[in-house]
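# Report on the structure
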Amino acid sequence: MKRTDVEHLVRQMAWPEPPASLRARVLADIPIVEQPIAGAARVAGSQDPARRPQIARETERSGHGWRRAAVLVGLGILFMLGSCTGFDVWANRQVEAEIARIEARFGTLDEKTRVPAVPAADNRARMVRAAAALAVRLQDRPYHYFGTPVPSPVPANLRAFAEANREAIRLAAEIRNRHQSNWEHKPGVRGDLPWTDISILGDALYISALIEIEAGRADEASSLIVSDLGIGASMRQEAEFWPSNEQALLATRRLLTASAPSKAALKEVAWWLNENRMPDGMRPRILARMKQGHEMFARLEQGDVDRDTAEIVYPESWPDWPSAFIGIAAQIGRPFVRTAHLRYLQQMAQVIELESGPRPRPVLPEPPPPEPWAFVDRLTHRFADGAWNYSDAGDDLAAELGAAEVAVALRRFKLDRKNYPDDLSALVPVYLTRLPIDPYTGQPPAYARQGDGFTLRAKASSPWMTRWRALEWNVPK
Amino acid sequence: MQDLAAGKPEALGELYDRHAASLFRHALALTRRRPEAEDLVHAVFVKIATTGTALLDVRTPAHYLHRTLHTTWIDAQRRTITGERVVESFATESRVWQTGGADAIDLARALDDLPPAQREVVVLHLIEGFSFREVGRLTGVSLFTAAARYRLAIGRMKAKLTQASGLAQPIARTEDDL
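For clarity, every value in this text was computed on a predicted model and none was experimentally measured. (Residues numbered from 1 in each chain as written. Chains lettered and ligands numbered in written order. Predicted model: local features only at pLDDT ≥ 70, side-chain atom pairs only at ≥ 80, totals over all residues.)

Secondary structure summary: chain A contains 17 helices and three strands in total. Across the 477 residues of chain A, 36% fall into the buried class. Sequence separation of 24 or more characterises 76% of the internal contacts of chain A that already satisfy a separation of 6 or more. (Helix = DSSP H or I, 4+ residues; strand = E, 2+ residues; numbered from the N terminus. Buried ≥ 20, exposed ≤ 12 C-beta atoms within 10 Å, placed from the backbone. Contact = placed C-beta atoms within 7 Å.)

Another aspect to go through is helix α16 (residues 375-384) of chain A. Residues and elements named next belong to chain A. Within α16, the full set of buried residues consists of Leu379, Thr380, Phe383 and Ala384. What you see down the axis of α16 is that its buried residues fit within an arc of 120°, all on one side. Along its buried surface, α16 packs onto α12 (283-301), α13 (307-313) and α15 (334-356). In the stretch just after α16, Gly386 is the one whose phi turns positive, near 90°. (Arc of directions from axis to C-beta.)

So, on to the environment of Ile207 of chain A. Residues and elements named next belong to chain A. On the secondary structure map, Ile207 appears in helix α8 (residues 195-214). Counting along the chain gives 44 residues from Ile207 to Glu163, while the straight-line C-alpha distance between them is 9.7 Å. Every residue in contact with Ile207, bar those within four places of it in the chain, is listed here: Val150, Val154, Leu158, Phe161 and Ala162.

Quick look at unusual backbone geometry now. All names here are of chain A. Residues Arg359 and Pro360 are joined by a peptide bond in cis, for which omega reads -5°. Relative to the helices and strands, Pro360 is located in the loop between α15 and α16. For the bond running from Val428 to Pro429, omega is 5°, close enough to zero to count as cis. Considering the arrangement of structural elements, one finds Pro429 in the loop between α17 (388-417) and β1 (446-450).

Now for the packing of helix α2 (residues 9-31) of chain B against helix α3 (residues 34-49) of chain B. Residues and elements named next belong to chain B. Following both chains from N to C, one finds α2 and α3 inclined at 135°, their axes separated by 8 Å at the closest point. For the element pair α2 / α3, the angle class is oblique. Along this stretch, α2 crosses α3, giving a crossing that reads as right-handed. Contacts between α2 and α3 involve Leu12, Tyr16, Ala20, Leu23, Phe24, Ala27, Leu28 and Thr31 on the former and, on the latter, Glu36, Ala37, Leu40, Val41, Val44, Phe45 and Ala49. Considering only residue class, the contact of α2 with α3 consists of 13 nonpolar, one polar and one charged. (Axes fitted to C-alpha atoms, helices over the stretch in contact; angles between N-to-C directions. Parallel < 35°, antiparallel > 145°, perpendicular 65-115°, else oblique. Left-handed = near helix turned anticlockwise from the far one by under 90°. Nonpolar A, V, L, I, M, F, W, Y, C, P; charged D, E, K, R; others polar.)

Rendered as structure tokens:
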């Protein structure tokens, strides 16, 4: 016998009907008194719950438990979706408001900072590219590196390095004959700029200048320094990078301390030092970086993640997840991405305000690294990391360049008047249009006559920088 | 139900005609005796006739009536001192279910031997056609408990009938063994 057989038998059982007497008994024994009920036609459940009998409540409760749970879960999901949408809309409005504030103050963020086109024949950058293409790196080292400042006399391997770059140096001399610059850099294109070759070319010019100074050929050395300064000058218009002229300034310091260049040579060096000054300091560079970050964030909010953005957002090599997950995660967590976007814009605007302010500027502490669980702060930090150093780097460059300009002007003053001046104000306006200001003191570099020579001191963001940058000048004669 | 709540006499008759047979079978499943089943059905209608406006909240009258019958029976059980009031008589004439043929006696005995809770589930599910979810709601247990009771009941009846026909068949576990 099967279970279905049992079920079939039970169904086949003849069950008794209630006796007719029961109906009469029910209807007779139960007194029904008609009483109109207000709102009887109203929908069920509209009555006062306190009046319901317990049994009715139990029936309703037991019958709708799962449904109620499902409704609660649904309401919870709706609440979450609503909250996320509200958060997203709020964050978007905050970002838009911040963008409007920044654009009102610093200009549009949509357009990329563009350098005006220049004629190819007058473009310094093209000549730097051409000369850099001929540069040959150090042959006796696994990596092209040597410490600065280079000791005197110049080591033999560095002399060989300078000799190997003779053709590149000769071509770099043509930079002086060009007056405009545009690197024609394509943002976002990797390998567009030959940074390594440019660096090697600068090293070759620096070493060659030191060799010429040792040989007593000061004017030839100044000519090489001018070529090196020309590389830096070719970059001053570019918003995405800044001049790297530390070695040219070190060579200038040794030129003044260890040789006697002519007036004409010094005049040319002074002109090129002035040419290295960035028109607006680091502000265009910080703005360019902010625009780049803003564009990346805007694309990230749409789930569009390119290689550069992926490397910023997720630089870890392990676990090595596909970049596509960043776009998906960014879209799911868009309110948080927008919040990070907002904080990024606020931080960058603060950096620009700081950069645009008077010198010496207040020292603001860099935001501490975010905690591991603070995802929004971590994302902001990934994009804004290092931005706080921009102003320091720019001020270091300005301090160093200002000291070099003053030193060269002092030597030119002495060549004309046989002595160094008692005060730097004597250099204006013949040798300097105005005295350079040390950004860290708000004053010109500290100048003092010492015997037949002079000392010059400029400050930097860090004391140890004076070891390898031309911030302290002790010129003996 | 709204008419009954409004006190219309014909509403009670209409409700009785529609649900009395089903309620009576349910009551028989619980009490196993006609007089007690009649008393139980009578008590159910007395109860709902005196409920008043709360009936407006009732959405499914059949569910409400069976639920009322179940709780009324439980109340009656609690009022008795001896618990389950069963007359241990399995005489053919005392059986409430009418069956035909020689096997009918065994089937009635098998049904009688079931615990009231299991018998109730069998009647409500097989005879009245309620789903296990509805049976669970009517008897105040979960869907799974109702289904388990039914499975045990059918298993025990199957074993009884198999024994009666001379075939060896182990008796299914009781609900307490679960």
